[in-house]
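What follows is each chain in one-letter form.
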Amino acid sequence: MKRKNSNKSDEQLYAMLFGSPAEKEIGFTELYRRHSQRIYQYSRRICGDDSMASDVLQETFLRFLNMSEYKSEMSNVAAFLLRIARNLCIDARKKQSHTISLDDMEIPTHDTSLESKELRHLLVAALEALPDDHKEAIILQAYNGMSYQEIGEATNVPVSTVRNWVVRGKRKLREILATYIQELEQ
Amino acid sequence: MSELVYLFVDGETTHMQKEMLFAALADNSDLQQELQEAILIRSTLEQDCSALAVPPETTAAIFQKAGFALPGSAAAGKLSAASLIESVGMTLKSVVLPTLFVMGGAVLATMYFMLDSSSSQMSDREFAAPNASREQYSALPSAEKGALFGNPAIGETKRLFIGKDKRRQTRMSSERISSGRGITAAVQEQSSEMSENMFGVRTAREIRSENEDVQFQMQSNDVSAISASPLQHIKAESILPKFSSGMNSIDNFPYVLSTSYDDGNGGMPIAISIRGLMNMSAFPQQGNSALGSEFNNIALSIGADISEEMRIGIEGGRQSLRYYTFENGKNENAVLNTSIDWAGVFCRQSFQSLTYSQCTPYAQVTLGGTVSGPSGRFLAGVRWQTSRNFSLSAGLEGSAFLYQKSTNWHSLRSIGLMYDVEVKF
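Here the focus is the overall build of chain B. Of the regular secondary structure elements, chain B holds 15 helices and eight strands. Here chain B holds 425 residues, and the buried ones make up 44% of them. Within chain B, contacts between residues at least 6 apart in sequence are counted, and of these 64% link residues at least 24 apart.

Set out below in structure tokens:
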């Protein structure tokens, strides 16, 4: 049963939301399994806070479920979900004072953490220093595995703009992390 | 050329751009360094991505609100047949539990009638007595109350009971009391007159014969006189000898006056009730699934009146609320719970001054717990006293349960309509 559902496309699963309660549950469960992780990762890094990311994820899927009662066809479920999450994150960030969460500010230690873990913490902290559009482009590209074209469609900007955001953002990250990376190499 | 490095790492270069990049990398160490660092950044971002997992609590909350079973749990992804079986089960539950509720009420009512049948002859009159008359006694100075309890003449009547002038004496007592001469004076005078007419011990047959005669006349004449008396609230047998059972009624005389909720048998009045609840809303919101409308709320309580308006006791029950428990914090090990058992102590405050047409408003607070954590309940309703020992209630009931997942405390709350059947023994 699970395998049978996993072979279905997002559009087919979406269509199941209009079926019987059992079909609706199966369709929603499979769509959640496919997309929840990406939406959460995106929300977590954009919002910078666990609880806020959880709220965004929750609201995203509940809105998605409610909207499915009015929207009979869906061509791109992933993009639709991302659009909902993105709007929610924008609203959340407007309300949120610009702070970096304690998780992100965790100071690397050399006792138990691996160097890669230290680098990861630093990288996450460096992401916060980027302009919002640069950060979002990098997150969508690296976390959600989206192409520049898909990011452009999701954010309503030309592909060339996305390319500039990603490249400039990564250059900025490299500059921030340069000292630490050089120490690693030594 | 630097831009091509990042495009290449992201897989966004064309074939021509790749060739250009490779050509440049061949003799440019800075570009090689930049490529290495771009790859490092990319891989680090991917590691961070994989480290971010959706918290199980969040998944549980989403599916709880959506009204679906949690993915990986036993109830998830059921076939239509399974759903049908589940809905049939829920339907049966919705029939069986109310039936149990009604049967429980019937058992309580039966217990009441069986236990109360021997002493219920005067219950209607007692039930009809207004509380104001009790307050009249309560308002007496303590010295006068003490006189009632300490009057040796009353004790005397336990052994030497009169028959001849009994009817006249009791009527006179009632009239004297009615005319405002005071309970103490009336009782003392009555006892004194009783003592003056003592001619010795009568035979049981004589006493029975006279009692029957007086009882018959009482039914036609004296009831109205007693009813008009300020002491109408007091059990008739406390002023009038209980003719059907001899002198025992006199034993109860001081006791009847000293308790607000006397049942004639002594001791603290005990009440048992069975209560149902129809959930109107739950928080976090429950989905519109079959489980959401499940009838699975029932409570049993036993309490004792500690004052005229206050009762304390214990109660316990089961309430339908959907929540998840986890093993090892993984969704795959989540268990969907559809009900929660609770127990606690309660305190109920009745508002007698607001009684209207035998309906008395009241409020109750229950504090207790479940196996998962503390719980609290508050209910407010109106009790309809259909008879002295039997009452029905209806109102609103709210409940809150705390439970712990991982290190965080979460709460389940609900509000609903409450209905209650109570028997007082």
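This is not the end of the story, as more comes after the structure.
Within the element layout of this structure, A:Glu23 appears in helix α3 (residues 21–47). Sequence separation of A:Glu23 and A:Leu13 is 10 residues, and the distance between their C-alpha atoms is 8.9 Å.

This part takes up unusual backbone geometry. Residues and elements named next belong to chain A. In the Ramachandran plot, Asn156 falls in the positive-phi region, its phi being about 60 degrees despite a non-glycine side chain. Within the secondary structure, Asn156 is located in the loop between α8 (148–155) and α9 (159–185). A relative accessible area of 68% places Asn156 in the exposed class.

What follows covers the pairing of strand β6 (residues 374–385) of chain B. Residues and elements named next belong to chain B. Bridge count between strand β5 (residues 359–369) and β6: 11 bridges; the pairing is antiparallel. Bridge pairing in β6 links Ala363 to Ala380. Connecting β5 to the next strand, β6, in antiparallel fashion are four residues.

This paragraph deals with the pattern of salt bridges. Residue and element names in this part refer to chain B. For the structure on display, the rule yields 23 salt bridges over all chains. Its salt-bridge partner being Arg377, residue Glu397 comes within 2.7 Å of it at the nearest N-O pair. With Glu397 in strand β7 (residues 390–405) and Arg377 in strand β6, the pair connects residues that are 20 residues apart, well separated along the chain. Each of Asp305, Arg311, Arg348, Glu422 and Lys424 takes part in salt bridges that share partners, so that together they form one network.

The biggest cluster of nonpolar side chains holds 77 residues, and the ones touching the most others in it are A:Phe28, A:Leu57, A:Phe61, A:Phe64, A:Tyr143, A:Leu173 and B:Leu45. Beyond its immediate stretch of four places on either side in the chain, A:Tyr143 contacts A:Gln41, A:Arg45, A:Leu127, A:Ile138, B:Leu45, B:Asp48, B:Cys49 and B:Leu52. Judged by nonpolar contacts, the second largest core, of seven residues, contains B:Ala299, B:Leu321, B:Ile340 and B:Tyr403.

Right, let's get into the interface of chain A and chain B. Of the residues lining the interface, 42 residues belong to chain A; the matching set on chain B comes to 42 residues. Between chain A and chain B, roughly 3,900 Å² of surface is buried when both sides are summed, and carbon and sulfur atoms account for 65% of that area. Sorting the residues of chain A by area buried against chain B places A:Glu25, A:Lys170 and A:Arg174 first, and these three jointly supply 16% of that buried surface. In this assembly, chain A and chain B are joined by six salt bridges. Scanning the region where chain A abuts chain B turns up 14 residue pairs in polar contact (both at pLDDT 80 or more). Among the elements of the structure, α3, α4 (50–67), α6 (115–128), α7 (132–142) and α9 of chain A are those that each provide at least two residues to the side of chain A that touches chain B. Sort the elements by how many residues they give to the side of chain A that touches chain B and α3(A) lands first, with 13 residues. Residues of the side of chain A that touches chain B, tallied by class, amount to 22 nonpolar, 10 polar and 10 charged.

Residue and element names in this part refer to chain A. Along the chain, Asp49 turns up in the loop between α3 and α4. We classify Asp49 as partly exposed; its relative accessible area is 23%. Polar contacts involving the side chain of Asp49 include one to the side chain of Ser51, which spans 2.6 Å.

What counts and how
Residues numbered from 1 in each chain as written. Chains lettered and ligands numbered in written order. Predicted model: local features only at pLDDT ≥ 70, side-chain atom pairs only at ≥ 80, totals over all residues. Heavy atoms only, no water. Helix = DSSP H or I, 4+ residues; strand = E, 2+ residues; numbered from the N terminus. Buried < 20%, exposed > 50% of the residue type's maximum accessible area, 1.4 Å probe, protein only. Contact = heavy atoms within 4.5 Å. Pairing = 2+ DSSP bridges. Salt bridge = Lys/Arg side-chain N within 4 Å of Asp/Glu carboxyl O. Core = buried A, V, L, I, M, F, W, Y, C linked by side-chain atoms within 4.5 Å. Buried area = accessible area lost by both parts, 1.4 Å probe. Polar contact = N/O pair within 3.5 Å; in protein donor to acceptor, adjacent residues only side chain to side chain. Nonpolar A, V, L, I, M, F, W, Y, C, P; charged D, E, K, R; others polar.

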